[in-house]
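Structural description and commentary
What follows is each chain in one-letter form.
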Amino acid sequence: MNIAQAILYLYPNADPMRDFMVQDNGPEPALHPGAEEKSRVRYEIKPPEEGEKPVEGVHYRYGIDYNLLTEGEDYDIVERGPYIAVWNLDKPQPTEAELQAAWEAYQEAEANKPPELTELEQLQKENLLLKSQNNALSERADFIEDIIAEMAMRVYQ
């Protein structure tokens, strides 16, 4: 399912650059219970000034070192798939079922659209139209010539 297309089908006036953002992070690690303490590492950001107490987020931060863990035992790699990361519309965020229904309706609408003509087919269609207009103008000009000739015959008799 293309979530962005489904949202645009539900809310045609939505701007995908401003109103919502769909994201797919690819495969991500999911920690098992207790694994975070096993792999927690303190990363220094900048040393504190003399006499200053270290502050988390300013002088250091904690992170997870996956090299200290074993895949399958401490964590698994899972594929989350695409999801709505940002929702700025005033309307409620659609559920998974609503998105699926909108995606199916969008696909059906696209399937029932009349086929678009290629550039060559469009030119051929336009050429046919111009030829028929040219023939109609030519017949009208012939008719007007005949009327003028008949009027001239009556005037000069």
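Refer to the preceding data block for the structure.
Residues numbered from 1 in each chain as written. Predicted model: local features only at pLDDT ≥ 70, side-chain atom pairs only at ≥ 80, totals over all residues. Heavy atoms only, no water.

1. As for the overall build of the protein
Broken down by element type, the protein carries four helices and six strands. A compact globule built from 157 residues would reach a C-alpha radius of gyration of about 15 Å, whereas the protein, at 36 Å, exceeds it by more than 25%. When its C-alpha atoms are laid out on the principal axes, the protein stretches across 125 × 40 × 30 Å. Across the 157 residues in the protein, those meeting the buried criterion constitute 17%. Restricting the contact set of the protein to residue pairs at least 6 apart, pairs at least 24 apart contribute 66%. Side chains of the protein give 14 positive and 32 negative charges; the mean places of these two sets differ by 5 Å. (Helix = DSSP H or I, 4+ residues; strand = E, 2+ residues; numbered from the N terminus. Rg over C-alpha atoms; globule rule 2.2 N^0.38 Å. Buried < 20%, exposed > 50% of the residue type's maximum accessible area, 1.4 Å probe, protein only. Contact = heavy atoms within 4.5 Å. Lys, Arg positive; Asp, Glu negative; His and termini not counted. Charge placed at Lys NZ, Arg CZ, Asp CG, Glu CD.)

2. Focus: the side chain of serine 39
By secondary structure assignment, the location of serine 39 is in helix α2 (residues 35–39). With residues up to four places along the chain from it excluded, the contact list for serine 39 reads Gly63, Ile64, Asp65, Leu68 and Leu69.

3. A look at helix α1 (residues 3–10)
Taken together, the buried positions of α1 are Ile3, Ala6 and Ile7. Each buried residue of α1 lies within a common arc of 100 degrees when the element is viewed along its axis, so the set occupies one face. For α1, the N-terminal capping position is held by asparagine 2, with its side-chain oxygen 3.2 Å away from the main-chain nitrogen of alanine 4. (Arc of directions from axis to C-beta. Polar contact = N/O pair within 3.5 Å; in protein donor to acceptor, adjacent residues only side chain to side chain.)

4. Some points on the pattern of salt bridges
Here the idea is simple: oppositely charged side chains can pair when their charged atoms come close. The full count for this structure, using the stated rule, is six salt bridges. Arginine 18 is the salt-bridge partner of aspartate 15, the closest N and O atoms lying 3.3 Å from each other. For aspartate 15, a relative accessible area of 24% puts it in the partly exposed group. A salt bridge links glutamate 73 to lysine 38; the nearest nitrogen and oxygen atoms lie 3.9 Å apart. Of this pair, glutamate 73 sits in the loop between β4 (60–64) and β5 (75–79) while lysine 38 sits in helix α2, placing them 35 residues apart in sequence. The exposure class of lysine 38 is partly exposed, given its relative accessible area of 43%. Each member of the salt-bridge network shares a partner with another, and the members are Lys38, Glu73 and Asp74. (Salt bridge = Lys/Arg side-chain N within 4 Å of Asp/Glu carboxyl O.)

5. Some details on a negative patch on the surface
Judged by side-chain charge, Glu139, Asp142, Glu145 and Asp146 come together as a negatively charged surface patch. Position of aspartate 146 among the secondary structure elements: in helix α4 (residues 119–155). (Patch = residues over 30% accessible without salt bridge, like charges linked within 9 Å, V, L, I, M, F, W, Y side chains within 5 Å. Areas by Shrake-Rupley, 256 points an atom, 1.4 Å probe, with all protein chains shown as cover.)

6. Some remarks on the packing of α1 against helix α3 (residues 96–111)
Running from N to C, α1 and α3 cross one another at 85 degrees; their axes reach a closest spacing of 8 Å. Considering their axes alone, α1 and α3 lie roughly perpendicular with respect to each other. Where α1 approaches α3, its residues Ile3, Gln5, Ala6, Ile7, Tyr9 and Leu10 are matched on the opposing element by Glu98, Leu99, Ala102, Trp103, Ala105, Tyr106 and Ala109. For the contact of α1 with α3, the residue count by class is 11 nonpolar, one polar and one charged. (Axes fitted to C-alpha atoms, helices over the stretch in contact; angles between N-to-C directions. Parallel < 35°, antiparallel > 145°, perpendicular 65-115°, else oblique. Nonpolar A, V, L, I, M, F, W, Y, C, P; charged D, E, K, R; others polar.)

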